[in-house]
Amino acid sequence: MPKLKNPLHDKHLLNYISKFLKMCDKCCHYDYINYVNVCCMCKDFYCETCSKEMKYHGYYDETDHNYCITCSKKYFPYYYTNEL
Ligand SMILES: [Zn+2]
Ligand SMILES: [Zn+2]
């Protein structure tokens, strides 16, 4: 009977899985690549949890523009004038 391999020790499988995973630029956890969770300015990737903090500023054309908090404050400072 062939010995069962631990799938995590299979380099090819790991490479394959890692193609679908990306490290969150905020909390450094891995999550599935979802281009909705990528900041359209700095191209940082955010995991499912951290992407909840992202801002949509997509009203000026048909597409969704997702900004991380940093870029949101940088490019849309007037949204934060109440916080200053
Ligand atoms: Zn995260
Ligand atoms: Zn950004």
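Because the structure is predicted, anything quoted here is derived from the model rather than measured.

**Some details on the environment of N66**
With respect to the helices, strands and loops of the structure, N66 is situated in strand β4 (residues 66–67). Overall, N66 belongs to the buried group, with 21 C-beta atoms counted inside 10 Å. Separated by 25 residues in the primary sequence, N66 and M41 place their C-alpha atoms 8.4 Å from one another. Once residues lying within four places of it in the same chain are set aside, the contact partners of N66 are V36, V38, C39, C40, M54 and Y56.

**Some thoughts on the nonpolar core**
Counting seven residues, the largest nonpolar core consists of C39, Y46, C47, M54, Y67, C68 and C71. Residues within four places of C39 in sequence aside, it is in contact with D44, M54, N66, Y67, C68 and C71.

Conventions adopted
Residues numbered from 1 in each chain as written. Chains lettered and ligands numbered in written order. Predicted model: local features only at pLDDT ≥ 70, side-chain atom pairs only at ≥ 80, totals over all residues. Helix = DSSP H or I, 4+ residues; strand = E, 2+ residues; numbered from the N terminus. Buried ≥ 20, exposed ≤ 12 C-beta atoms within 10 Å, placed from the backbone. Contact = placed C-beta atoms within 7 Å. Core = buried A, V, L, I, M, F, W, Y, C linked by C-beta atoms within 7 Å.

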